Amino acid sequence: MATFLYKLGRLAFRRRHFVALIWVALLTLAGVGAANAPTAGASSFSIPGTEAQKAFDLLEQRFPGMSADGATARVVFKAPGGEKMADKANKATVEKTVKALEDGSEVTSVTDPFKAKAVSKNGSIAYTSVKYKVSGMELKDSSKDALESAAQQARDAGLTVEVGGDALQATPETGSTEVIGIAIAAVVLVITFGSLIAAGLPLLTALIGVGIGVSTITALASALDLGTTTSTLAMMIGLAVGIDYALFIVSRYRAELAEGREREEAAGRAVGTAGSAVVFAGLTVVIALVGLSVVNIPMLTKMGVAAAGTVAIAVLIALTMIPALLGYAGRKVQPAGRKSKLLGGGRAAKKADRPNMGTRWASFVVRRPLAVLLLGVVGLGAAAVPAASLELGLPDDGSQPASTTQRRAYDLLSDGFGPGFNGPLMLVVDAKGSDDPKGAVTRVSDTVKDLKGVVSVTPATYNKPGDTAMITVIADSKPSSVKTENLVHTIRDAGDGITADTDAKVLVTGSTAMNIDFSQKLNDALIPYLALVVGLAFLLLIVVFRSVLVPLKAALGFLLSVMAALGAVVAVFQWGWLANLIGVEQTGPIMSMMPIFMVGVVFGLAMDYEVFLVTRMREAYVHGETPGQAVVTGFKHGARVVTAAAVIMIAVFSGFIGSSESMIKMIGFGLAIAVFFDAFVVRMALVPAVLALLGKKAWWLPRWLDRALPNVDVEGEGLRGLGAGARNPDGDDDRELARV
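Remember, it's a predicted structure, so these values are computed and weren't measured experimentally.

Caption draft 1: Expanded view of the overall build of the protein. Looking only at helices and strands, the protein has 22 helices and 11 strands in total. The proportion of buried residues among the 740 residues of the protein is 56%. A separation of at least 24 residues holds for 79% of the contacts in the protein among residues at least 6 apart in sequence. In the form shown here, the protein has an accessible surface area of approximately 31,100 Å², with 60% of it arising from carbon and sulfur atoms.

Given below as structure tokens:
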């Protein structure tokens, strides 16, 4: 592989006009496709195989036109102090608001609070429910404006009015955090390379790759039913790996120049060595993202595949466009150790007698590996302790910032009707196979009324044939609580007994039950997903490193860093430690997607650092150094680059902590802390400590397996005889070399 990539790098360097033209053409084509593509609606959300989804599907069949998955809004009214909602003026205002809400073209129904008995016991709070034909993401702006206008008119009349539900789904506010992340990345790159041109190349290629990936997703969004979250994830991951991969190759190119090689030869060797690491690092990310399909949730599968496609583009750009741009840059990209004219007058850096920071740190770890290993494992273990208390759930309006109308509506309903009112459970009774459908439905209602934790059960609503009924159940606990989850399971257990006696099936659904099933499905898929991703990556790393223990160490280190990161997330978002510091207003269950999402994304990024750092060690070991010397050499050349890559990733992910959306805030914090643990504790401390303790055993491989595995030559052993005469001590000659 190293030889092939070496030739590819030199070809791209020589034919830079052609390579640049291809990528610009692809970017233009994707941009035109995105600009002319029809506007995509919201991605359909389904959880195949779950009881809640089966109930929704049944409602669509038995209650045609009711739009079971349509958006809902609850307009909550509160009377001024000392007044009641039934007072003449207040009642007139509510009735006027109800009439105004009924005029919407997408509205299917609006309830009258006084007829529906939707007034609190003390008479101060009332609400009206608005049902729409389409989902919240598909609602027209005119419908949202009409809803807000009706609420404002009621406020002007003297009532306190707030709007809850998913009809006013707000786009999360992240401000300028993405720009700040890119700015920090630029600063880190300039410090790393000491050159504006060299620093600009990774940013430019990463933005081009993300532009192609996101534009392609936008162009295909309508045809493939891709939601906005798909392009957001692709942008986040594509930007991250795009900068990393280009950073690795540019850094190796400058190191090759410093050894006296001419520029085309240096580009070829950089792509042949660092490019090999990029290919396998990219493969691990692709495996992790495509592996999300094992969860069997279409939305997650599409997100993973789309993000994996963007990663593949980032790999191809790093292997071809980076050497092409290096050809354009010429002498403006200086050898390692030499500063640019702008930052240092073009002079060579002073040759210090003492080794660099990476060398000094690696030497320290090699001398005291056991102490470093124990300290790192104990520290990560301590950080992981809170993960034992992990509670999974999905955010609702109760987790919104207190400044939002959704949160204020949630609080008003909790005050007036109880905490369970914000997440009613919907029971669907399929009595088509029962001899006495109405008797079966009555039994369901009576049974559920007697269950502990149930506040009220509404009368059943039948379909036209009378063989299917809907019953609404209000719990005495808030929707995201463990108590509500237990109630759902209790109702389902009771329903199994009713089915055995009456042949009527009882299904529990609604947003609360859907969230519970979603969390359970993700929880059940976590172990198979881990086994698949870590197993495939383990086999891949055996091929890369030609070792059994090095991939095993990489996988175990990753599990340590992920568990520690989950512990930190639980401590902050569930326990409330340092919550005020990062703006967490409401603690509660951890988002259901967090563990599996963190595993996928962090595993891919962690293997980036593992592959790049350890391939340098493997390269030194293959070329004759002792195991201890190889560890130090790997850090000498790779620690600075891996540190820069990790700092960039932490900056990018930390930018999302400023989001107003609790879910995005949690993802940003979780990924940032996970990269910190993995890069600076696992890869920078535990990896050299373990390799130092293992010595030559680290690179052991059974002979039969050595013969069976393909030789991919990531360390570039096959390049030793290529371009041997292509050397230039000054590193400034751009002469053409002999063709390879």
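Caption draft 2: Structural detail: the confidence of the model for the protein. Per-residue pLDDT for the protein averages 83, and the proportion of residues at 70 or more is 89%. Taken element by element, the protein is modelled with least confidence in helix H11 (residues 341-344), mean pLDDT 51, and with most confidence in helix H13 (residues 369-384), mean pLDDT 94. Segment residues 729-740 is flagged for pLDDT under 50; beyond a separation of four residues in sequence, or across chains, it makes 28 contacts in the model.

Caption draft 3: View of the environment of alanine 383. Along the chain, alanine 383 turns up in helix H13. Judged by relative accessible area, alanine 383 falls into the partly exposed class, the value being 22%. Taking the C-alpha atoms as reference points, alanine 383 and alanine 571, separated by 188 residues in sequence, lie 9.0 Å from one another. Once residues within four sequence positions are removed from consideration, alanine 383 is found in contact with Ala564, Gly567, Ala568 and Phe677.

Caption draft 4: The nonpolar core, seen in detail. With 171 residues, the main nonpolar core has Tyr245 and Phe558 as its most contacted residues. Looking at this core element by element, the count peaks at 19 residues for helix H21 (residues 662-694). Filtering out sequence-adjacent residues up to four positions away, tyrosine 245 remains in contact with Val278, Ala281, Gly282, Val285, Val311, Ala314, Val315, Ala318 and Asp608.

Caption draft 5: Highlighting the pattern of salt bridges. Counting across every chain of the model gives 18 salt bridges. For the salt bridge of arginine 443 with aspartate 501, the shortest nitrogen-to-oxygen distance reads 2.8 Å. One end of the pair, arginine 443, is in helix H15 (residues 437-449); the other, aspartate 501, is in helix H16 (residues 482-502), and 58 residues separate them in sequence. Its salt-bridge partner being arginine 683, residue aspartate 678 comes within 2.7 Å of it at the nearest N-O pair. Just as aspartate 678 is buried, arginine 683 falls in that class too. Connected through salt bridges with shared partners, the residues Arg10, Arg14, Glu264, Glu265 and Arg269 form a single ionic network.

Caption draft 6: Representation of the packing of helix H20 (residues 627-654) against H21 within the structure. Contact pair H20 / H21: the axes reach a minimum separation of 8 Å and the direction vectors enclose 170°. Taken together, H20 and H21 sit at an angle that is classed as roughly antiparallel. Contacts from Val631, Phe635, Ala639, Val642, Thr643, Ala646, Val647, Met649, Ile650, Phe653 and Ser654 in H20 reach Gly668, Leu671, Ala672, Val675, Phe676, Ala679, Phe680, Arg683, Met684, Pro688 and Leu691 in H21. Tallied by class, residues from the contact of H20 with H21 come to 18 nonpolar, three polar and one charged.

Caption draft 7: Main features of the packing of aromatic side chains. This model, assessed by the stated rule, comprises nine aromatic pairs. Ring geometry for phenylalanine 417 versus phenylalanine 421: centroids 4.8 Å apart, planes at 25°, classification stacked. Under the relative-accessibility criterion, phenylalanine 417 is labelled buried at 19%. Relative to tryptophan 699, the ring of tyrosine 621 has its centre 5.7 Å away and its plane inclined at 20°; by these criteria the two rings are stacked. In this pair, tyrosine 621 is assigned in helix H19 (residues 594-622) and tryptophan 699 in the loop between H21 and helix H22 (703-708), connecting sequence segments 78 residues apart. A relative accessible area of 10% means that tryptophan 699 is categorised as buried. By way of ring pairs, the aromatic residues Tyr127, Phe417 and Phe421 are connected into one cluster. Its end group placed over the ring of phenylalanine 13, arginine 16 keeps NZ or CZ at 5.3 Å from the ring centre.

Caption draft 8: Layout of the sheet that holds strand E4 (residues 160-165). The strand order across the open sheet formed by four strands is E2-E3-E1-E4, and the pairing between neighbours is antiparallel. With one partner strand each, in any of the chains shown, strand E2 (107-110) and E4 form the two edges of the open sheet. Averaged over all adjacent pairs, the angle separating strand axes in this sheet is 20°, with direction ignored. The strands that helix H4 (residues 88-102) touches are strand E1 (72-78), E2 and strand E3 (125-132); relative to E2, the one it contacts most, it runs at about 160°. Against the sheet, helix H14 (residues 405-417) makes contact with E1, E3 and E4, and its axis sits at roughly 100° relative to E4, the strand it touches most.

Caption draft 9: Representation of a nonpolar patch on the surface. On the surface, Val294, Leu532, Leu536 and Leu539 cluster together into a nonpolar patch covering about 310 Å² of accessible area. Within the fold, leucine 536 resides in helix H17 (residues 511-545).

Caption draft 10: Examining the pairing of E3 more closely. Most of E3 is tucked away, with seven of its eight residues classed as buried. Here E2 pairs with E3 via three bridges, running antiparallel. Bridging from a neighbouring strand, valine 107 pairs with tyrosine 132 of E3.

Caption draft 11: Region of interest: unusual backbone geometry. The phi dihedral of lysine 117 falls on the positive side, at around 55°, and the residue is not glycine. Position of lysine 117 relative to the elements: it lies in the loop between E2 and E3. Given the relative accessible area of 76%, lysine 117 is considered exposed. A positive phi angle, near 50°, is found at arginine 546, a position not held by glycine. With respect to the helices and strands, arginine 546 occurs in the loop between H17 and helix H18 (549-574). Take arginine 546: its relative accessible area is 11%, and that puts it in the buried class.

Caption draft 12: Looking closely at the environment of threonine 310. Tracing the sequence through the fold places threonine 310 in helix H10 (residues 298-329). Each C-alpha atom of the pair threonine 310 and isoleucine 237 lies 7.9 Å from the other, and the pair is 73 residues apart in sequence.

Caption draft 13: Structural context of helix H3 (residues 51-62). Between its terminal C-alpha atoms H3 stretches 16 Å, which fits the 16 Å expected from 12 residues at 1.5 Å a residue. When we look at burial in H3, the residues that qualify are Ala52, Gln53, Ala55, Phe56, Leu58, Leu59 and Arg62. As for H3, its buried residues are in contact with strand E6 (425-430), strand E9 (468-475), H16, strand E10 (505-509) and H17.

Cut-offs used in this document
- Residues numbered from 1 in each chain as written.
- Predicted model: local features only at pLDDT ≥ 70, side-chain atom pairs only at ≥ 80, totals over all residues.
- Heavy atoms only, no water.
- Helix = DSSP H or I, 4+ residues; strand = E, 2+ residues; numbered from the N terminus.
- Buried < 20%, exposed > 50% of the residue type's maximum accessible area, 1.4 Å probe, protein only.
- Contact = heavy atoms within 4.5 Å.
- Areas by Shrake-Rupley, 256 points an atom, 1.4 Å probe, with all protein chains shown as cover.
- pLDDT = per-residue confidence, 0-100.
- Core = buried A, V, L, I, M, F, W, Y, C linked by side-chain atoms within 4.5 Å.
- Salt bridge = Lys/Arg side-chain N within 4 Å of Asp/Glu carboxyl O.
- Axes fitted to C-alpha atoms, helices over the stretch in contact; angles between N-to-C directions.
- Parallel < 35°, antiparallel > 145°, perpendicular 65-115°, else oblique.
- Nonpolar A, V, L, I, M, F, W, Y, C, P; charged D, E, K, R; others polar.
- Phe/Tyr/Trp six-rings, centres within 6.5 Å; stacked < 30°, edge-to-face > 60°.
- Lys NZ or Arg CZ within 6 Å of the ring centre and 35° of its normal.
- Pairing = 2+ DSSP bridges.
- Patch = residues over 30% accessible without salt bridge, like charges linked within 9 Å, V, L, I, M, F, W, Y side chains within 5 Å.
- Expected span 1.5 Å × (residues − 1).

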